[in-house]
Structure formats: C-alpha cells, structure tokens
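Spelled out, the chains give:
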Amino acid sequence: MAKMTSRSQLLSKHVRQAIDETVKKYPEGRQRSAVFAALREAQHENSGYLTVELMDAVAEYLELEPIKIYEVASFYSMFETRPVGRHSISVCTNISCMLRGADGIVAHIEKKLGVKTGESTPDGRIYLKCEEECLAACTGAPMMMVNHVYHENLTAELVDEILENLK
Amino acid sequence: MTESLVNIEIDGKPIQARKGEMIMQAADREGVYIPRFCYHHKLSVAANCRMCLVEAEKVPKPLPACATPVAEGMKVFTRSPRAITAQRATMEFLLINHPLDCPICDQGGECELQDLAMGYGRDIARFAEGKRVLKDEDIGPLISTSMTRCIYCTRCVRFGMEVAGIQELGDTGRGEHSRIGTYISRSVDHELSGNVIDLCPVGALNSKPFKMHGRGWEMTQHEAIAPHDCVGSNLYGHVLRGKFMRAVPRINEAVNECWISDRDRFSYTGIYSVDRLEHPMIKDGGKWRTVDWETALEKAAQALRTVHSDAGVLASPGATTEELYLLQKLARGLGIHSIDTRLHQADFRDDDSEPLFPWLGQPIEELEKQDAVLVIGSNLRKEVPLMAHRLRKAALRGGAVMFLNPRRYELLFPVKAYVSAAVAEMSAALAAVVKAAAGRKTLPAHLKDFVSAQGPEAEHTKIATELMMGKRTTILLGHLAMQHPQYADLRALAAALADITGAQLGYISDGANSAGAWLAGAVSHRLPGGRKADIAGLNARTMFARPRRSYLLLGVEPELDCWDSPAALQALRSAQQVVVITPFVTETMQEYASVLLPGCTFGETSGTYVNAEGRWQSFAGMIKPAGEARPAWKILRVLGNLCELGGFEYVSSEEVRDELQSTLGASKPDNGFRGTRVMEAAPLCRGFQRIAELPLYGMDPLVRRATPLQQTQDADVACICLAPADAKKLGVEAHDKLTVKYNGVRIVLPVKLDASVHTGDVFLPAGLAATAGFAPWHAAVELEKA
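The structure displayed is predicted, hence computed values, not measured ones. (Residues numbered from 1 in each chain as written. Chains lettered and ligands numbered in written order. Predicted model: local features only at pLDDT ≥ 70, side-chain atom pairs only at ≥ 80, totals over all residues.)

Caption draft 1: A look at the overall build of chain A. Check the secondary structure of chain A and you find seven helices and four strands. Along chain A, helices (α) and strands (β) appear in the sequence α-α-α-α-β-α-α-β-β-β-α when read from the amino end. For chain A, the spread of C-alpha atoms along the three principal axes comes to 50 × 35 × 25 Å. With 167 residues in all, chain A has 34% of them scored as buried. Sequence-distant contacts, at least 24 apart, represent 59% of the contacts inside chain A between residues at least 6 apart. (Helix = DSSP H or I, 4+ residues; strand = E, 2+ residues; numbered from the N terminus. Buried ≥ 20, exposed ≤ 12 C-beta atoms within 10 Å, placed from the backbone. Contact = placed C-beta atoms within 7 Å.)

Dropping the structure here:
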C-alpha cells in the first residue's frame, strides 16, 4: 500500500522497511497507526530529531496528510522537532528521584555542560532534554536515561564518568 | 412503540428518543437547548469542550450530553443546580485563556462563547495568572486567524477530516502548548474551507475579506441565492449602509445543507470591482461618451429595430430567469431567432433530442443515496463543489462513485473506478462501457457499429457491473463533457448506458441558471416552456462563425466565456452594432460595443434561479445598484416598450416569472433521449489537442473580479499542463516557458507536468486573462519551447 514518491526517498531503505513491517500489523487503511513507529525510525536515523521534510516524507509514504504527522510529532515529548545534540540525556525529576537529590544532579550536569535543561551543547554533542514524565525506575533513584539506556543511583562522579564516555 | 425507540425524560418532559442517539440529539429535536461548543450536528462527537454537561438521574456525576447515549427510563436534567454548576465550572475553565478582547473581535455580537459567557460566566475572574498567547498563522487570503481566542473545540479540524475530506488544520503540540493550525504556516486551500468560519464558535477563525468591516448587529440580513453553480446554494447577504458586506450560508438541507463553497462565500467582493460600469455610454464617432439612460436606450432600441433577423443575442447562464425570458421575448418579438446561453458548448448536433432542460435527473439530496454513480467529463470539485460533497457522502456510505475523464483529478473520497481517456478517445471509452454493460442485449441501431467496435477493459467492465448491480444508479454529464467537441456522441452513449443499466441520466449544468435559461427559451432551439422553436436560430457558436450585423450581449465576456472566443471577438469587432448590458466594462468591450448599458450583478437585482434539480428559487435585491446601473429585466422591459412590442408592461420581476411559469403547464423534467443519429469515429486531431477547463475562480465575470479568490491557489492556474513524455519531446521541464500557437496567435506560459495527462493532450484553461480570446476550447494547437 505504501508507495514510493520523490519525497519519500528521503527515508532510508531500512526506515521504509521498518514502516512496512508496522503497517502490516494493522488492518488495511489504518496506516495512521504506524505514524508513531515511522517517526521513531526516521528520528533515530537523523541524529535524534525530525525535520519538516522528514515528516512530509513519512506523510507521503503512509499516504496521509502532513498535518497528521505534525500532530503526532509535536505532541509526544519523545520526538524532537528542532535540531538537538546527538546524545540525548533525560534526568528524571519526578517525586522519587526528586527526594533522592535529582535537582542536584540536574544542576551538576547543567554546570558541567554549560547549558540549561532543554538545550544542547554548542558542539552538538549532548542534548539535555527536559524530561516531563517519571521514567519508572524509582528503585534506583536518582536516575537518568542516556540514549535510551538507564543509569541509576547517580552520583556526581558517576555522572561525570558517563558524560565523558559520550563521544 | 417500536423496538428502536426508548422513553426518556428531559427536564421533566417525557419524550421518545431513537435508540443509540445522544442526549444532545434528542434534546435538540425537542427544542431543549443545551450549551455546546465542540458539538456540531454535521460532525463527529468529540466531547472535548465539556460545556454540555447535564445531570442524569442515578448517575453520580455530570455527563456530556453530546456523547451520552439515551437509555430507557433515563431522566435528564439540563437546568438542575448540579448541571448548571458543572456548566459554569466548564465556562470558567474555558475563559481562563480566552482574551477579553470582544470589543475588537469580529465575532463579537455573534459569538457562541460570548453568548454563553453571558449566561454562565462569572463577573469576576478568579484566575490571576498570565494567559497564554499564540502567534497567528497566515492560512491564506480567505480566513483570518486569531488563535489566542481558540478554545480547542476542534470543529475546524473535524470539518477538514470529515466533510472536506482532507485535513489541512490540526491540533499540534500538547497541553498548554497545544494549538490549532497548519504547523508550517501554509494556506488552507480546500474549496469549502470557508465553512470553518461559521463552524468556529469563537473569533479564532474569521472571514479575512470582512475583517474589521462591520458588526453583526449593524447589518441587515437578506435572503439570497448563490449566483455561480447549478446547486443554487441558499445564502444570507449581510448589508451595511447599502453595501454588501458578506455572504453566509442559509440552511437548506435539500440544497446546500449548512455549507457553501468559497466561491459562493467570497465572490461578493467582485461587486465593488473598479471596472463597474456606472453610467450608460454610447460610442460616438469612435469615442465613448457618457449619456443619460434615455439616449442610451433609444440608441440601443434603434440598433435592435433596424437589423431584424440578422442579429445574435447571447446571455450568460448566470443571468436570472426573468432577464432571460424578457431577453428572448424581446429578441423573438423583433424577429431575431439567434439567441443562446450555451456559451461553453461546441457540439450542437442532436439539439432536438435534448430534454426540457439539463436536469440532474433527481433532487440534489438523492445524489448521496446512490449505489453507483458514473460521472462523465467533470472536474467535479472545481465545477460544483457541493455536488462533489454529495457524491463524497455517497462514496463514504459505500456507493460506487466512478469517473470517465480526460485526466485524473484529485478526489477526496474512495473512487471505485476511474477511466482516464485522451480527449479524442472519450466517446470510445464510454462506448466500451456501454458494450460491457450491454452483454448480449441488442444495442440501439444508431450506436451499434461504433459500440461493437470497442474492446472493454477491466475498468470499463467494472463501471458497467456497478451500474447494473446498484439499485439506485446515476450517470452524470459534467462540464467537460458539455464542452467536448463530441458532446452529442457522449450524450447519446450516456443515454444508451442509462437505458441498458436502468440508471438515471443527469446533467451537471453550467452557470447558476442553465435550467432557467432553457425553460425561459433563451436557447436557440426552444421557446419558453421548452416548446420547440418554429424557426431555430443560430446557436452560441454559429452566431459568431457566421457573423451577424449586430449583437446584443447580456453579462457575457466573450473573450473569456465563449467556446470559440477568437471567432466571437472577430465577429463582434466587425459587427455594425453591439449593444451590451453588463455590470462591468472591459477594454475589449469598449472596442467592439456601440452601446454600453450598466446592468446589475449579484445582490443588486431581484429574480429567480432554477437549479439543476429544477428548484425555482426567487430572491429580492439587497443593495442599491452601483451608480446608475439598473436590473437587466427593467432595461429589457424598457427596450421592449421602445421597440413597440406589446406585453412588456411589467411592474415587478415576479410578474415576469409568473408569466413564464404559466407557459410551462404540466411539463415535467425528463431526461429520456430520443436521438437516433448514427455515430461515427471522432476525427483525428493534428498537433496538440487543447482542453480548456474553466477554473474554479474563472468561470464567470463576478468571480474573476473577486480579489480574495484570485489570491488563492485555485486561481493560480495560468499554465500549460501536459504529459511528461510530451514535455521531454519538446525539451522542457516543469516551470519552463512554453509557447502555444494557434492561427498565428502565440502566448507564452509556464509548463506544468501531470502524469495523468495523455500524450497529445494539452490542458490550457479558459476564463483567464492570460488565455483570453486565444483559441477555441478544443483546438489543435502547436507547442514550442519559448
């Protein structure tokens, strides 16, 4: 059902295959259900953020109006719609982590990187994301997620070590 | 009591409601008003504004009336203390972010939020924090945005998805950052998009041309009929101090429901075009001179009196029935038989086998209930937007909507079958469908040879099968079919197909009043009431092909409106006398005319339009005509008197209408076809075959002057559209310039590529300044790289 058009060639073969796989899971004509997975793949291959061109490519590939893609991309905090650093860091600041000193961890990272939450380092290396939700690792509070990997029981030293390993 | 009804009680009043319907629907039917913002009876239920919270017995919390189905024995309280408290609380939340800018808001005075805030709002806000402010997007020349006022009812978003068929507006972002818009600040282009202005319950989406021009309560409201297409949408015209300020829909479920097209909504802006003709003028020794009405009318009458039968009379199919009736009465009274309104038609063979008038074959409302519809030769969305909307509903109901067109047009609904045939192959393609449908049945003798020569393919057979299988089926001939050089063949085949399959044959007629023109006798072969003319005059094409000594034009711009516009211009320029009744004056007109009589346009005259289903819709004038302009029926009345013809003593346009109606007798519309002309193959075209579509906003003098419509994407069509293969042969790419030549005339336009255009065909629209007077609408043209 998905068709190749000039614009959808922006999507790599791998992304297109992944989208095809997702589309198959839903009844015909319900390809809108695949928008989320499609955006995740497209973002992953584009250094962690989406552009309007990429979203349009997804729209064309799924034969949906572009606005339907913009709606999803702008709603979920998992999608970035502006250029960000290539490593994404989210520090959980919800209740358990807050009680265990998450604010101090955030302040430490901000000081070390010289950027505020929601900003990326000027060299485009690290993006300190403003995480809104509890990341569901309260037993290991305070915690943070770096490129989808959880790091728990954080201390300033541990954070320094993790950050230094990010190239 | 039947199974499908339940007994409920609303505010103590026992009523019966349909099983499964929502409390809101039952209450609306009973006339119990429940406040709402997001609910709209034509849209899906969103239940996101929460304004319609009501109390139901034995339910511990308030329920949204729009999303709660009725149940047997349910007792609903819409005005109980608990319901009112819930509604007031909702209102308080809605007003948290809503600005208090009613004094400068266009919606003020006709705002659902303002009205309900009067009833449910608190005098003093408890919310002392800052309000969220949004930057406005430019979404095109028709709709203004003030998104800070938006309350996120999402009616506009649902309209796009559910009614228009394409989502252009969406709800992006989340929570506090959520906003309605296009996200990338692009224009909203759908031909029905203006309806979001009416749907928006607040002042977030408003009419851009009307912005800051008036207040609802300052204006007077008048009933009107849209003057552009054969639906005849019901409108209200709003008038401020004698000036037409805006058009809004008047609900008529049978005609336009609660929608109108953007063309009907914004064309009024053309009324005040700078080229309005405000005074009668005559040409004196090659110079134009403003004169009084008496002099001008005397000169016009003189011109008409002296020519007798050697004159041509041409009127727009957008003229009122009364004007057209008087026009033919005047012409025929003077012995002029060449009178016509079929400006866009080329093929007049089989005139005599045509029906009483180009009838849709059914009420407009029936279209959406069809099981199968075949549309032949129509860019339906642009020709008659609201008919496309009806067929969209049919398709969504599961009906098979099918097309036979010279190229693919974007349709925003499921299309069961689509045959795209080169313009010269259209009759053959239709014949193939006839053959597939006929099977072993005997074909009518006059079509037999042509039809049996065809080899139906899968798509032809599919169309035939759907038409055979459906219970309620229709075959419609659109504008492109009517403009086709083999229209008579297409019609004969369509009629045969209708016969074989039991489908209803229908016509999507052009202009607002083709039906009225036929009934009034403003066609060369018919008298009022559809009687056959004893002396058939020349039709709209031949009256120019065989130039006349004089012409009388009513609301026509031949260089843009006539099928063979070069021949029309030439004939007019060499005529001795050309009397023109027109609301607008152009330079071309000043070249060929000898008398210019200022006529009226939309809103300025009373009259009647007969729509495609044969519905007579009369309207009164709303505004004073510009300058000294007069309604054409009055001009024609005086001309009749000056020419000393009897029977022109009318006091009102109603008298004219009644006289015409009395000639109709018991005649009923009937699309039965009695033609027996033997069909032959279409002649081959040398060079490129031009096809002239009439653009959405180029189809009559008024829309061509509606500035906001001319700024839309749909008006940006001055280009040469051809097949990629042909472009390659010519060595051009998209956006390159291409010269198109006809008979020594050359015009240069940018190239547009469309893979669905057949090689050898070239689409070059008519009705545009760029192609005015260029070539016949279907002509063999030459192309070369500019």
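Caption draft 2: Quick look at the environment of S47 of chain A. Residue and element names in this part refer to chain A. Examined against the element boundaries, S47 turns out to sit in the loop between α2 (35–44) and α3 (52–62). Residue S47 is classed as partly exposed on the basis of its C-beta count, with 15 C-beta atoms lying within 10 Å. The spatial distance from the C-alpha of S47 to the C-alpha of P83 is 8.5 Å, given a sequence separation of 36 residues.

Caption draft 3: Examining the sheet that holds strand β16 (residues 338–340) of chain B more closely. Residue and element names in this part refer to chain B. Pairing is mixed across the open sheet formed by seven strands, whose spatial order is β14-β13-β24-β23-β22-β15-β16. At either end of the open sheet lies a strand with only one pairing partner, and these are β14 (287–290) and β16. On average, each strand axis in the sheet is tilted by 15° relative to the strand beside it, whichever way the strands run. In this fold helix α7 (residues 293–307) packs onto β13 (281–284), β15 (311–315), β22 (550–554), β23 (577–582) and β24 (595–598), with an angle of close to 125° to the strand it touches most, β24. (Pairing = 2+ DSSP bridges. Axes fitted to C-alpha atoms, helices over the stretch in contact; angles between N-to-C directions.)

Caption draft 4: Focus on the confidence of the model for chain B. The pLDDT averaged across chain B works out to 95; a share of 99% of its residues lies at or above 70. Interface confidence for the predicted complex, expressed as ipTM, amounts to 0.91; the pTM equals 0.95. (pLDDT = per-residue confidence, 0-100.)

Caption draft 5: Highlighting the sheet that holds strand β4 (residues 149–151) of chain A. All names here are of chain A. Spatial strand order, β2-β1-β3-β4: four strands in an open sheet with mixed pairing. What marks the edges here is a single partner per strand, and that holds for β2 (126–129) and β4. Taking the axes of each pair of neighbouring strands and ignoring which way they run, one obtains an average angle of 25° across the sheet. Taken together, the three bridges between strand β1 (residues 87–91) and strand β3 (residues 144–146) define a ladder with antiparallel strand orientation.

Caption draft 6: Structural detail: the packing of α3 of chain A against helix α4 (residues 66–75) of chain A. Residues and elements named next belong to chain A. For the pair α3 and α4, the least separation of the axes is 8 Å and the interaxial angle reads 125°. Taken together, the axis directions place α3 and α4 in an arrangement best described as oblique. In this structure, α3 meets α4 at a crossing whose hand is right-handed. Contacts between α3 and α4 pair M55, D56, V58 and A59 from the former with P66, K68, I69, Y70 and A73 from the latter. Broken down by class, the residue content of the contact of α3 with α4 amounts to seven nonpolar, no polar and two charged. (Parallel < 35°, antiparallel > 145°, perpendicular 65-115°, else oblique. Left-handed = near helix turned anticlockwise from the far one by under 90°. Nonpolar A, V, L, I, M, F, W, Y, C, P; charged D, E, K, R; others polar.)

Caption draft 7: Layout of the environment of A428 of chain B. All names here are of chain B. Structurally, A428 can be placed in helix α11 (residues 426–438). Residue A428 is classed as buried on the basis of its C-beta count, with 20 C-beta atoms lying within 10 Å. As a C-alpha pair, A428 and Q454 span 26 residues in sequence and 6.7 Å in three-dimensional space.

Caption draft 8: Representation of the interface of chain B and chain A. Between chain B and chain A, the residue contacts involve twelve residues of the former and eight residues of the latter. The class makeup of the residues in the side of chain B that touches chain A is four nonpolar, five polar and three charged.

Caption draft 9: Structural context of helix α15 (residues 487–501) of chain B. Look at α15 of chain B: 21 Å from first C-alpha to last across 15 residues, which is about the 21 Å you get at 1.5 Å a residue. Taken across its 15 residues, α15 of chain B has 14 buried, putting it largely inside the fold. (Expected span 1.5 Å × (residues − 1).)

Caption draft 10: Molecular detail of the pairing of strand β18 (residues 400–405) of chain B. Residue and element names in this part refer to chain B. Counting buried positions along β18 gives six out of six residues, so the element sits mostly inside the fold. Here β18 shows a buried face lined by A400, M402 and L404 and a second buried face lined by V401, F403 and N405. Two strands pair when backbone bridges link them, and strand β17 (residues 372–376) and β18 are joined in this way by five bridges, in the parallel orientation. Bridging across to β18, L374 finds its partner in M402. In this structure, β18 lies alongside strand β19 (residues 417–420), joined through four bridges in parallel fashion. Bridge pairing links N405 to S420 in β19.

Caption draft 11: Region of interest: helix α2 (residues 81–97) of chain B. Residue and element names in this part refer to chain B. Counted at 1.5 Å a residue, the expected span for α2 with its 17 residues is 24 Å, and the 26 Å between its end C-alpha atoms agrees. The complete set of buried residues in α2 reads A83, A86, Q87, T90, M91, L94 and L95. Turning to α2, the residues buried within the fold contact β3 (53–56), β5 (75–77) and α3 (112–120).

Caption draft 12: Fine view of unusual backbone geometry. Going from A141 of chain A to P142 of chain A, the amide bond is cis rather than trans, its omega being -5°. With respect to the secondary-structure elements, P142 of chain A resides in the loop between β2 and β3. For R241 of chain B, which is not glycine, the phi dihedral falls at a positive 45°. Within the secondary structure, R241 of chain B is located in the loop between β11 (234–240) and β12 (243–249). Take R241 of chain B: there are 10 C-beta atoms within 10 Å of it, and that puts it in the exposed class.

Caption draft 13: Main features of the domain arrangement of chain A. Along its sequence, chain A is organised into domain 1 (7–75) and domain 2 (87–164). Placing the centre of domain 1 of chain A and that of domain 2 of chain A at their C-alpha centroids yields a distance of 29 Å. (Domains from an automatic or database assignment.)

Caption draft 14: Region of interest: the nonpolar core. Counting residues in hydrophobic clusters, the biggest one holds 276 residues, and the most contacted among them are V58 of chain A together with L327, I376, L430, V434, A494 and L497 of chain B. Setting aside anything within four residues of it in sequence, one finds V58 of chain A in contact with L11, A38, L39, A42 and I69 of chain A. I105, I109, A141 and M144 of chain A belong to the second largest nonpolar core, which has 17 residues in total. (Core = buried A, V, L, I, M, F, W, Y, C linked by C-beta atoms within 7 Å.)

Caption draft 15: Spatial organisation of the packing of α11 of chain B against helix α13 (residues 458–469) of chain B. All names here are of chain B. Contact geometry for α11 and α13: axes closest at 8 Å, N-to-C directions at 55°. Taken together, α11 and α13 sit at an angle that is classed as oblique. You can see that α11 and α13 cross each other, and the crossing is right-handed. For the pair α11 and α13, the contacting residues are A432, V433, A436 and A437 in the first and H460, T461, I463, A464, L467 and M468 in the second. Class assignment for the residues of the contact of α11 with α13 results in eight nonpolar, two polar and no charged.

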